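Residue strings, one per chain:
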Amino acid sequence: MEKFNIAIDGPAAAGKSTVARLVAKQLGFVYVDTGAMYRAVTWKALQSGISPERKEQLSRMASELRIELLPGEQSQQVLLDGGDVTDLIRSAMVNKNVSAVSAIPEIRRLLVAKQQEMAQAKGVVMDGRDIGTHVLPDAELKIFLTASVKERAQRRFLEMKAKGEDVTLGQLEKEIAERDKMDEQREASPLVQAEDAVLVDTSGMSIPQVAERILELAKSAASKGIR
Ligand code: CDP
Ligand code: CDP
């Protein structure tokens with residue numbers, strides 16, 4: 001299949017990264033998890049004791065970071081200045097602070113430039129919040145992936161329990177709803193469905209079913225000819 005770009009946006013725990021990785025593998029495309037980049041900056045800020053209110057200091061720090069995304073078996077491997085932070089960036093502290101850090105326009109500008117560079121050669125499946133609206137407005141296929149908050153919290157709950165983490169379903173539902181609200185209401189590139197995105201509500205759908213639906217859409221986009 002000729003190479004083209006697929007943008008997958010949507011709220012937390014909608015299944016974006018799981019499905020994007022599967023779709024990329026099937027198509028022989030490259031998967032890019034942009035949330036991991038915002039998480040890596042947030043982790044570094046917490047490590048360095050810089051609070052999200054110190055926007056200038058944070059932006060300066062972010063501009064000096066080297067973030068690398070490498071394909072991994074289960075998830076994408078994330079390197080920060082050469083060190084592996086793949087698991088560290090999924091902590092509860094990062095979850096709590098990442099939306100505030102990613103609302104800073106200068107941080108977005110820096111990361112969006114990196115993301116656009118990664119997609120330049122085409123053949124990328126990129127997931128995030130603003131990919132179809134802002135990062136890759138010309139992506140040949142745009143998907144807005146969602147599911148009810150209850151179902152998304154339940155999915156994350158099972159995932160965290162399997163990792164042995166001590167969380168309750170109620171806590172997760174609250175955290176996810178708060179993060180969605182911040183991502184939707186921020187001024188810089190809020191989470192919103194692009195006008196030309198296809199809405200896929202994954203409530204009650206299994207991972208293979210969602211991947212199959214997106215692959216169908218990809219085949220249809222490819223057969224219509226790439227813009
Ligand atoms: O996996 P999960 O949906 O929980 O989150 P993520 O995709 O890892 O993204 C973490 C956070 O990064 C989001 O809640 C957003 O605040 C931010 N983000 C963003 O602002 N723009 C993106 N393109 C991707 C993530
Ligand atoms: O990237 P995003 O935050 O949108 O979601 P994810 O990390 O890919 O998926 C969150 C959790 O939901 C993972 O544990 C997936 O295995 C699970 N999932 C599911 O149970 N059913 C789906 N249709 C999609 C994801």
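In the annotation of an unreviewed UniProt entry, the protein is listed under the name Cytidylate kinase and assigned to Paenibacillus hemerocallicola. Checking UniProt for the protein, the heading Subcellular location (unreviewed entry) contains the comment "Cytoplasm". Check the Sequence similarities (unreviewed entry) section of the UniProt entry for the protein; it says "Belongs to the cytidylate kinase family. Type 1 subfamily."

Let's shift gears to the site of ligand 2. Lining the immediate environment of ligand 2, one finds 15 residues, of which A13, K16, S17, T18 and E159 sit closest. Side-chain polar atom of K16 to an oxygen atom of ligand 2: 2.7 Å apart, as the coordinates give it. Look at ligand 2: alone it shows 540 Å² of surface, and the protein chains cover 81% of it. Among the secondary structure elements, those contributing two or more residues to the shell around ligand 2 are helix 1 (16-27), helix 7 (149-162) and helix 9 (207-223). Split by residue class, the shell around ligand 2 holds six nonpolar, four polar and five charged.

Right, let's get into the pattern of salt bridges. Considering all chains together, one arrives at 15 salt bridges under this definition. Notably, a salt bridge pairs K174 with E178, separated by 3.7 Å at the nearest N-O pair. With K174 and E178 both in helix 8 (residues 169-185), this residue pair falls four residues apart, about one helical turn. Three or more residues are tied together by salt bridges with common partners; here these are R129, D183 and R186.

Given a rise of 1.5 Å per residue, 17 residues ought to cover 24 Å, and the 24 Å separating the end C-alpha atoms of helix 8 matches this to within 8%. Inspection of helix 8 places L172, E175, I176, R179, D180 and D183 among the buried residues, and these make up the whole buried set. Projected onto a plane normal to the axis of helix 8, the buried residues spread over an arc of 130° and lie on a single side. Facing away from the buried side of helix 8, by more than 90 degrees, are the exposed residues K174, K181 and Q185. If you follow the buried residues of helix 8, they end up packed against helix 2 (34-47), helix 4 (92-101) and helix 7.

Within the structure, ligand 1 sits among 20 residues, and R39, R108, R156, R179 and D183 are positioned closest to it. The separation between an oxygen atom of ligand 1 and a polar side-chain atom of R108 is 2.8 Å. Within the side chain of D130, a nitrogen or oxygen atom sits 2.8 Å from a nitrogen atom of ligand 1. Contact with the protein chains removes 98% of the 530 Å² of surface that ligand 1 exposes when unbound.

Rules and cut-offs
- Along each chain, numbering runs from 1 in the same order as the chain's sequence is written.
- Just so you know, chain letters begin at A and ligand numbers begin at 1, following the order they were written in.
- In keeping with the predicted nature of the model, local features appear solely for residues at pLDDT of at least 70, side-chain atom pairs appear and are counted solely at 80 or more, and the whole-chain, interface and lining totals rest on all residues.
- To get the side-chain values, take all heavy atoms of the structure and skip hydrogens and water.
- UniProt positions are given in the numbering used here, feature names are shortened, and annotations may be inferred rather than shown by experiment.
- Here a residue is considered near a molecule or strand provided that any single heavy atom belonging to it is located within 4 Å of it.
- The definition of a polar contact used here is a pair of N or O atoms within 3.5 Å, where within protein one atom must be able to donate a hydrogen and the other to accept one, and adjacent residues in sequence count solely through side-chain atom pairs.
- Per-residue and other accessible areas were derived by the Shrake-Rupley procedure at a 1.4 Å probe size, with only the shown protein chains allowed to occlude residues.
- Only runs of H or I of at least four residues qualify as helices and only runs of E of at least two qualify as strands under DSSP, and these elements are numbered from the N terminus.
- In this classification, the charged set is Asp, Glu, Lys and Arg, the nonpolar set is Ala, Val, Leu, Ile, Met, Phe, Trp, Tyr, Cys and Pro, and all remaining amino acids, among them Gly, are polar.
- A side-chain nitrogen of Lys or Arg and a carboxyl oxygen of Asp or Glu constitute a salt bridge if their distance falls within 4 Å.
- A helix is expected to span 1.5 Å for every residue after the first.
- Using a 1.4 Å probe on the protein chains alone, a residue whose accessible area is under 20% of its type maximum counts as buried, one over 50% counts as exposed, and one in between counts as partly exposed.
- Arc definition: it is the arc formed by the directions from the helix axis to the C-beta atoms.
- In what follows, a contact means two residues having at least one pair of non-hydrogen atoms within 4.5 Å.

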